[in-house]
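Listed here are the chains, written in short residue letters.
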Amino acid sequence: MMINETLVLKLLNLTLFCFGLGALASLALARRAPAARWTGHMLALLGAGSVGTLAVAGLAGGTAHWTLSGLLPFGGVVLGIDRLSAFFLLIIAVGGFPASLYALGYTRAYESRHSLGAMACTWNLFLATMTLVVLARNVLTFLVLWEAMSLVSYFLVLTESDHAETQHAGLVYLVMTHAGFACLLMGFLLLAHATGTMDFAHWRAATASLGASTRHAIFILLALGFGAKAGVIPLHIWLPQAHPAAPSHVSAVMSGVMIKLGIYGLIRLGFDWLGIGPAVWGGAILAVAAVSAVLGVLYALMEQDLKRLLAYSSVENVGIILLGIGAGLLFQAYHLPGLAALALLAGLYHTLNHAAFKSLLFMTAGAVVQATHTRHMEAMGGLIKRMPQTALFFLVGSVAIAALPPFNGFFSEWLTFQSLLLSWQIPARDVNLIFALAIAALALTSGLAAACFVKAFGITFLALPRSDQAGQACEVSWVMRAGMALLALACLALGIWPVGVLYALQATIFEMNGAYANLYFDWKTVVANPPFATVAPLLMACALAALLAAIPLALRLRRGRTVRRYYETWGCGRALQTARFEYTSTAFANPFKRVFAFLYRPIKELDIEFHPESRFFVRTIAYRNEVRSVFEEALYQPLIRSTQWIAEQARRLQSGNVQSYLLYILIALVILILLAR
Amino acid sequence: MVSLWRKIWKTPVVTEPFINSDAAAAIEALTRQVEAAAFARLGRSLHIRQVDAGSCNGCELEIGALNSPYYDLEQFGLHFVASPRHADCLLVTGPVTRNMADALRRTYEATPSPKIVVAVGDCAQNCGIFAGGYGVVGPVSAVIPVDIVVSGCPPAPRAILAGILAAMEKPR
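Everything quoted here is computed from the prediction, not taken from an experiment.

Criteria and thresholds
Residues numbered from 1 in each chain as written. Chains lettered and ligands numbered in written order. Predicted model: local features only at pLDDT ≥ 70, side-chain atom pairs only at ≥ 80, totals over all residues. Heavy atoms only, no water. Pairing = 2+ DSSP bridges. Helix = DSSP H or I, 4+ residues; strand = E, 2+ residues; numbered from the N terminus. Right-handed = clockwise from strand over helix to strand, strands pointing away. Domains from an automatic or database assignment. Axes fitted to C-alpha atoms, helices over the stretch in contact; angles between N-to-C directions. Contact = heavy atoms within 4.5 Å. Phe/Tyr/Trp six-rings, centres within 6.5 Å; stacked < 30°, edge-to-face > 60°. Buried < 20%, exposed > 50% of the residue type's maximum accessible area, 1.4 Å probe, protein only. Parallel < 35°, antiparallel > 145°, perpendicular 65-115°, else oblique. Left-handed = near helix turned anticlockwise from the far one by under 90°. Nonpolar A, V, L, I, M, F, W, Y, C, P; charged D, E, K, R; others polar. Salt bridge = Lys/Arg side-chain N within 4 Å of Asp/Glu carboxyl O. Patch = residues over 30% accessible without salt bridge, like charges linked within 9 Å, V, L, I, M, F, W, Y side chains within 5 Å. Areas by Shrake-Rupley, 256 points an atom, 1.4 Å probe, with all protein chains shown as cover. Polar contact = N/O pair within 3.5 Å; in protein donor to acceptor, adjacent residues only side chain to side chain. 1 Å grid on protein atoms, 1.4 Å probe; cavity = no way out; pocket = protein on both sides within 12 Å on 5 of 7 lines; lining within 4 Å. Points joined across faces, edges and corners; volume = space filled by probe spheres on them.

### Let's talk about the pairing of strand β1 (residues 47-52) of chain B
Residue and element names in this part refer to chain B.
In step 1: Judged from the two bridges that link them, β1 and strand β2 (residues 79-80) form a sheet pairing that is parallel. Paired with I48 across the strands is F80, a residue of β2.
In step 2: What joins β1 to β2 is helix α3 (residues 58-66), and the crossover it makes is right-handed.
In step 3: Here five bridges tie β1 to strand β3 (residues 89-93), and the two strands are oriented parallel to one another. Opposite I48, over in β3, you have C89 as the bridge partner.

So, in structure tokens, the structure goes:
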């Protein structure tokens, strides 16, 4: 099917019109909060829908090129769409559309406290800049939009800036994102200088003739910049602070979509701009990915804060995505294009899946937080009775993220596993060893992720309410539930019927790499590297559904005459059953804390104050058992201290004395004259 | 290590040979009867939950003996279980104390029907020497319905088995 170029342009114009109008209208209506809320988010919803249509048009083969020469120096604003951009537009739509719907209801709670006009305006701008980033086609356009996206999301993170915690989170985010931006800037300028062009389209042909050290430098700088946005360990520290601090529809899109643009950059870098690179790049990405996956989930397991748990789980999932991408780079370095495409396909599929289920989980977490007014899991519990639909959506998201069939997480992790297992085709022992470790890391990650989400769901939704607020929680409004329901359905659809996305991804990867993935699929089965491994998601879903239905049926057939009696949960005959008897989140995580103590380095403090009369009576007990962040202590604290030390030394030059400044000018002048001689 | 070996070497055989006496044969016959009665009544083996409602633990020693190699109830499929939810039979000992009355009532309610209750020992029957104590509510029958009472202070394991059998054979 041929897609007309004017159609694509019209769709792009419609998208930008919706977002632009949404931003302006919500500012204009800022005085009337409900009007600003409805107008701003409805237009964002329309814009996100239009992004989705644009994505479908792009994936179907539509191309467009759009230049606005006067706006920026060095080539002006250049936008274009290819299938990879279109796929990431699809991810933006999958995250942005339900999140805008959800925001319609969710931001109502902010009406009395915050400016809804500003919130809805930045929300529109956030979606618009993300859309434009993936369409940018030259250096300056990309960098300006990238920075705009970071700044707009920074303002969204600061929505509840009256909390000191939020201010700190915003600061960390700002510093990390600008450190990343500095790396990107240097990398891009180096690349543009070496190739002599600012245009992305010419880089692939031009980089092939560059020297190895230049290529290494470009790769390291750009990988650091994109990695900081994607949140890979050890550049992840902003993520668990900024995501919980932001309003939940923002955290959903930041975690589900924005960090994926880091992945987008890495794919462009490794597969498009630099062409086929050395095996070291793939190996490095694979190693970082394995570390991110395992450590991300281990930190998630320790969290008591529901949204921080989800943020750490994003670090884990970025690790899983990068396992696919790193494997793809390695396969490419060893000239196995079919397998490289398969691994890249697995990574891209997981990117889409993560956008669906992580957005869903953040939205449900936001609903829970709004209903209970706390993010602390130990103060929740029993919410399945109070908020049954939200609980169902959270369960769907948890099952999907724990990679259990029939939901989407299973399918993409299966593909990732297959592509890693096929590494025996690489004829190099050391590379095979790295792959073996990556497979082990992925297996460990899957298991720990399941444990982590058993904890998240069990502690939050099951048992008795642990606080009065949890006991009085109410189900959230229907628009919020509609947003969550859309994503829950998407999780199911992507899990049981992957064919549509697989077609699109095959075309995407062929367009970029000139090779199809070694993957056969029809309406029911998917075969990786035929006949290496087969899976039938649709049949599996049917079998699971049949199995679930069979249990009540069998019980009914076997014991038709059983009498049913409803009675309270058996509590060992205790007269009083309160939430204090329940299994806590800390207790659930404690075995892991002991096993992985070398990583967590937990602080243990027990302060007991005895009664002055007798040691047999205790007045107060204070118990602390916290996990320390190795990265903050071993990497960032020394970095901050040394920066401060350098700043202290540099301050001596800034005496405030005009005479000494005149001396500096004189010295500078003399040096310049000497140099220019 | 050496001391451990020395200990093993020095320690004589501490078990006794099994004497196939009439008593043993009678116990085995009785246990088989209980097993058969359980199958006839429940369609499967019998699961017993023991509740100490305030006993001096004399009865518990006798009940514990039922699990010893001599009586070995488990081999006939009679299990002591850890929750009333799994049980068909409650074995209650001791006078019911104030602190245990509510727990006993809850345990009875938590046991799925059809259930049988065997009150074991004189205290369970009529509070024994604790009768009239300030902490005692009364005999077991004052708190929950009892099917069979096994008297004795403490009753022999054989008597307890006979009591369980009688409770199961009791027509309803």
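### Description of the domain arrangement of chain A
In step 1: Under the domain assignment, chain A is made up of domain 1 (301-312 + 348-557) and domain 2 (630-676).
In step 2: A separation of 51 Å is found between the C-alpha centroids of domain 1 of chain A and domain 2 of chain A.

### Observations concerning the sheet that holds strand β3 (residues 519-521) of chain A
Residue and element names in this part refer to chain A.
In step 1: Spatial strand order, β3-β4-β5: three strands in an open sheet with antiparallel pairing. Lying at the two open borders of the sheet, with one neighbouring strand each, are β3 and β5 (533-535). Averaged over all neighbouring strand pairs, the angle between strand axes comes to 15°, with direction disregarded.
In step 2: Note that strand β4 (residues 526-528) and β5 share three bridges and pair antiparallel. Counterpart to V527 in the pairing with β5 is T534.
In step 3: Contacting β3, β4 and β5, helix α16 (residues 408-421) crosses the sheet at an angle of about 175° to β5.

### Things to note about the packing of aromatic side chains
Residues and elements named next belong to chain A.
In step 1: Enumeration according to the criterion identifies 34 aromatic pairs over all chains in this entry.
In step 2: Aromatic side chains F142 and W146 sit 5.4 Å apart centroid to centroid with 20° between the ring planes, which places their arrangement in the stacked category. Linking F142 with W146, this pair stays in helix α5 (residues 139-157), spanning four residues, or about one helical turn. An identical accessibility class is assigned to F142 and W146; each is buried.
In step 3: When the centroid spacing of 5.2 Å and the interplanar angle of 50° are considered together, the rings of F394 and F461 count as tilted. One end of the pair, F394, is in helix α15 (residues 388-401); the other, F461, is in helix α17 (residues 429-461), with 67 residues separating them in the sequence.

### Examining the packing of helix α12 (residues 306-333) of chain A against α17 of chain A
How two helices pack is summed up by the angle between their axes together with the distance between the axes.
Residue and element names in this part refer to chain A.
In step 1: At their nearest, the axes of α12 and α17 sit 11 Å apart, and the two run at 160° to each other. Classified by the interaxial angle, the pair formed by α12 and α17 is roughly antiparallel. The interaxial crossing formed by α12 with α17 has left-handed handedness. Taken together, the residues of α17 that come into contact with α12 (itself represented by L306, L309, L310, S313, E316, I320, L323, A327, L330 and F331) are V431, F435, A438, L442, T445, A449, C452, F453, K455, A456 and T460.
In step 2: Residues of the contact of α12 with α17, tallied by class, amount to 16 nonpolar, three polar and two charged.

### Some details on the pattern of salt bridges
Pairs can form between side chains of opposite charge once their charged atoms are near each other.
All names here are of chain A.
In step 1: If you walk through the whole model with that rule in mind, you get 19 salt bridges over all chains.
In step 2: The shortest N-O distance in the salt bridge between R137 and D82 comes to 3.2 Å. With R137 in the loop between α4 (116-135) and α5 and D82 in the loop between β2 (77-81) and α3 (83-106), the pair connects residues that are 55 residues apart, well separated along the chain.
In step 3: The class for R137 is buried, based on a relative accessible area of 10%.
In step 4: Residues joined in a network through salt bridges with shared partners are D82, R137, R204, R268 and D272.

### Details of a nonpolar patch on the surface
In step 1: A cluster of nonpolar side chains, namely L653, L663, Y664, L666, I667, V670, I671, L672, L674 and L675 of chain A, defines an oily patch on the protein surface of about 980 Å² accessible area.
In step 2: Tracing the chain through its elements places I671 of chain A in helix α25 (residues 658-676).

### As for the side chain of H41 of chain A
All names here are of chain A.
In step 1: Checked against the element boundaries, H41 lands in helix α2 (residues 33-59).
In step 2: Given the relative accessible area of 0%, H41 is considered buried.
In step 3: A distance of 3.0 Å separates the side chain of H41 from the backbone oxygen of R37, its partner in a polar contact.
In step 4: In this view, H41 contacts A36, S100, A103, L104, T107, L116, A120, W123 and H249; residues no more than four positions away in its chain are not counted.

### A short note on the layout of surface pockets
Residues and elements named next belong to chain A.
In step 1: Taken as a whole, the second largest pocket encloses approximately 700 Å³ of empty space.
In step 2: Mapped onto the lining of the second largest pocket, the elements with two or more residues apiece are α6 (164-195), α9 (239-245), α11 (279-302), α12, α22 (585-595) and β7 (618-626).
In step 3: Residue composition of the lining of the second largest pocket, by class: 10 nonpolar, eight polar and eight charged.

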